[in-house]
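Next come the chains, spelled out residue by residue.
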Amino acid sequence: MGFQKLPGTQDFLPGSVERWQFVESKARDICRRFNFREIRTPIFESTELYQRSVGETTDVVEKEMYTFTDRGNRSVTLRPEGTAGVVRSFVENKLYGEPELTKLYYIGPMFRYERQQAGRYRQFHQFGVEALGAVDPALDAEVIALGYTFYTEVGLKGVSVEINSVGTPAVRAAFRDRLLEFLEPKRELLCKDCQSRIDRNPLRVLDCKVDQAHFEGAPSILDSLDEECRSHFKALKGHLMDMNIPFTINPRLVRGLDYYTHTAFEFKAEGIGAIDTIGGGGRYNGLVADIGGPDQPGVGLGLGLERTVILLEKQGVELDSLNGVDVYLVALGEAADREVTRLLHSLRLRGIAAERDYQGRKMKAQMKSADRLQVRFTAILGDDELQRGEISLKQMSTGEQRVVPLHELADVIIKASITNINNEGV
Ligand code: HAM
């Protein structure tokens, strides 16, 4: 009995949440270096925003949105992705009027009512970036480089980059006709999903994992590109090579959202059951205008953080740092107990992570607690020591114990931490 979390949601508990903090801090640091600034948009928006941007016939809009009518009789939707909200905000706040390009990033929860499987949740988290205001393919390459740098610096191995050009809407319409000519005679041979996709979004059929055997000799969108798309794609490849970002071209790569033009890309890695895509993105030159803004181009990406964290765990990647407790204070006696309260607070104000016992436990149990917390120091204060204005400090890694004047405790701990970091760095 009692309550349980809803299907497709997760609790991130102390012990594993540190990995999330690490991944998020890496994302922020990389954005700082690439000059992307944070934007925070609402977690729900009007349903129509997603219908217009993500596309009426996509799986996301047709089947996966958390949509409800609020008490003011508006149809609202929990954001299934981040791009639409950012673009809405870009238009509403007239960010396009500024002289510099708009380069934004976000980290936060997204919601899709999907079938549960490894790596697929109903509330999941994305790290996303959106760069608005330029058509330069160097910007597409920068976004891909940012994503690749993220995976590399969090320590993931075996991440590959696949790129494609999905052209302009006109290019896609022409390609669609060619593709339908190829697919129609095979309709009966294809899986159920593909049979329905042929009518709704035939480009996605080529992406099907089950039916690949039937697609030999299928037309390639890269042969249908017009001159502008072709030169954009060529320049993108050049920029990626200049930055030593390894990539492969996958002419069958089609993204699940409708707004893409020109560049589409995905990051892939093995190890999460049937899922191999861990992040993706692309250019969306028509999107800003489609939702009522000026004709401004954009390019961005969304990286799934659950998938990143799962792979980091599977690959056994160690965290650089655990934010543990520096010192555990043990009080022996009533007067010492009061002094420990004061001391604890003063250490914390000096930036030291400190803890004490609140359960009236014996010294032995308190020392056990310190061990469990993997503290670097234990400081023991008895009433005698208190009278002398001293405290005994034990360094847990060496077992070394010394007596330190009370007013020097913070300095000694800070100094020891600095020496420690320097030694580790050698
Ligand atoms: P997306 O491909 O729909 O793109 O999602 C990006 C990433 O979010 C996926 O590669 C995956 O890692 C993660 N993801 C998606 N759905 C789930 C789920 N149900 N459970 C766990 N992870 C999931 C977008 O959302 C675009 N907004 C990306 C973008 C930004 N394109 C341009 N700018």
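Residues numbered from 1 in each chain as written. Predicted model: local features only at pLDDT ≥ 70, side-chain atom pairs only at ≥ 80, totals over all residues. Heavy atoms only, no water.

Caption draft 1: Highlighting the overall build of the protein chain. Broken down by element type, the protein chain carries 14 helices and 16 strands. Whereas a compact globule of 426 residues would reach a radius of gyration of roughly 22 Å, the protein chain reaches 28 Å, over 25% beyond that. Considered along the principal axes of its C-alpha atoms, the protein chain spans approximately 90 × 55 × 45 Å. Counting all 426 residues of the protein chain, 51% fall into the buried class. In the protein chain, the proportion of contacts linking residues at least 24 apart, taken out of those at least 6 apart, comes to 69%. For the protein chain, the exposed area adds up to about 22000 Å²; of that, 50% sits on carbon and sulfur atoms. One way to put it: in the protein chain the 55 positive side-chain charges average out to a point 3 Å from where the 62 negative ones average out. (Helix = DSSP H or I, 4+ residues; strand = E, 2+ residues; numbered from the N terminus. Rg over C-alpha atoms; globule rule 2.2 N^0.38 Å. Buried < 20%, exposed > 50% of the residue type's maximum accessible area, 1.4 Å probe, protein only. Contact = heavy atoms within 4.5 Å. Areas by Shrake-Rupley, 256 points an atom, 1.4 Å probe, with all protein chains shown as cover. Lys, Arg positive; Asp, Glu negative; His and termini not counted. Charge placed at Lys NZ, Arg CZ, Asp CG, Glu CD.)

Caption draft 2: Summary view of the domain arrangement of the protein chain. For the protein chain, the domain assignment lists domain 1 (17-167 + 225-314) and domain 2 (324-425). One C-alpha centre belongs to domain 1, the other to domain 2, and the line joining them spans 47 Å. (Domains from an automatic or database assignment.)

Caption draft 3: Molecular detail of empty space enclosed by the protein. Under the definition given, this model contains two cavities of 30 Å³ or more. The wall of the largest cavity is formed by Thr57, Thr58, Asp59, Arg197, Arg200, Asn201, Arg204 and Gly256. Space inside the second largest cavity adds up to approximately 40 Å³. Lining of the second largest cavity is provided by Asn164, Val166, Phe175, Leu203, Leu206, Ile221, Pro251, Arg252, Leu253 and Val254. (1 Å grid on protein atoms, 1.4 Å probe; cavity = no way out; pocket = protein on both sides within 12 Å on 5 of 7 lines; lining within 4 Å. Points joined across faces, edges and corners; volume = space filled by probe spheres on them.)

Caption draft 4: Focus on the pairing of strand S12 (residues 327-332). Of all six residues that make up S12, five are buried, and the element is covered over most of its length. As defined by bridge partners, S12 adjoins strand S13 (residues 354-356) across three bridges and the pair is classed as parallel. From the neighbouring strand, Tyr328 faces S13, where its bridge partner is Glu355. Handedness of the crossover is the feature at issue here: the chain leaves S12, passes through helix H11 (residues 334-349), returns alongside S13, and the resulting connection is right-handed. As paired strands, S12 and strand S14 (residues 377-382) are joined by six bridges and run parallel to one another. Note that in S14 the partner of Val327 across the bridge is Phe377. (Pairing = 2+ DSSP bridges. Right-handed = clockwise from strand over helix to strand, strands pointing away.)

Caption draft 5: Region of the structure containing the packing of aromatic side chains. Applying the stated criterion across every chain yields a total of ten aromatic pairs. Centre to centre, the rings of Phe150 and Tyr151 are 5.4 Å apart; their planes meet at 65°, and the pair counts as edge-to-face. For the pair formed by Phe150 and Tyr151, the shared burial category is buried. Each ring, one from Phe265 and one from Phe267, has its centre 5.8 Å from the other, and the planes form 80°; the classification is edge-to-face. According to the relative accessible area criterion, Phe265 is buried, its value standing at 0%. A relative accessible area of 0% places Phe267 in the buried class. (Phe/Tyr/Trp six-rings, centres within 6.5 Å; stacked < 30°, edge-to-face > 60°.)

Caption draft 6: Spatial organisation of helix H2 (residues 47-54). Where H2 is concerned, the buried positions are Thr47, Leu49, Tyr50, Ser53 and Val54. Seen end-on, H2 carries its buried residues on one side only, within an arc spanning 160°. In this structure, the buried residues of H2 make contact with strand S2 (44-46), helix H3 (59-64), strand S3 (67-69), strand S4 (75-78), helix H4 (83-92) and helix H9 (287-290). Among the residues trailing H2, Gly55 stands out with phi positive, at a value near 110°. (Arc of directions from axis to C-beta.)

Caption draft 7: Representation of the sheet that holds S2 in the model. As summarised here, the arrangement of the three strands in space is S2-S4-S3, forming an open sheet in which the pairing is antiparallel. Pairing within the sheet leaves two strands with one partner each, and these edge strands are S2 and S3. For this sheet the average axis-to-axis angle between neighbouring strands, irrespective of direction, equals 35°. Where S3 lies against S4, three bridges are found, and the strand directions are antiparallel. The residue of S4 that forms the bridge with Thr67 is Thr77. (Axes fitted to C-alpha atoms, helices over the stretch in contact; angles between N-to-C directions.)

Caption draft 8: Spotlight on the UniProt feature "domain: Aminoacyl-transfer RNA synthetases class-II family profile" (unreviewed entry) in the protein chain. Per the UniProt record, "domain: Aminoacyl-transfer RNA synthetases class-II family profile" (unreviewed entry) is found at residues 8-312. What you have in residues 8-312 is 36% helix and 22% strand, and the ends, taken at the C-alpha atoms, are 20 Å apart. (UniProt positions renumbered as here; feature names shortened; annotations may be inferred.)

Caption draft 9: Focus on the site of the ligand. In the vicinity of the ligand, 26 residues are found, and the nearest of them are Glu81, Glu114, Tyr121, Arg255 and Tyr260. In this structure, Glu130 approaches the ligand through a side-chain N or O atom, which is 2.8 Å from a nitrogen atom. Within the side chain of Tyr260, one N or O atom sits 2.6 Å away from a nitrogen atom of the ligand. The protein chains hide 96% of the 660 Å² of surface that the ligand would expose on its own. Looking at the shell around the ligand, the elements that each hand over two or more residues are strand S6 (123-132), strand S10 (275-283) and strand S11 (298-304). (Near = heavy atom within 4 Å. Polar contact = N/O pair within 3.5 Å; in protein donor to acceptor, adjacent residues only side chain to side chain.)

Caption draft 10: Up close: the sheet that holds S10. Pairing is mixed across the open sheet formed by eight strands, whose spatial order is S1-S5-S6-S11-S10-S9-S7-S8. In this open sheet, the two strands that pair with only one neighbour each are strand S1 (37-38) and strand S8 (248-249). Strands S1, strand S5 (102-111) and S6 of the sheet are contacted by helix H1 (residues 17-33), whose axis makes an angle of about 160° with S5. The strands touched by helix H8 (residues 227-242) are strand S7 (160-165), S8, strand S9 (261-272) and S10; relative to S7, the strand with the most contacts, the crossing angle is about 160°.

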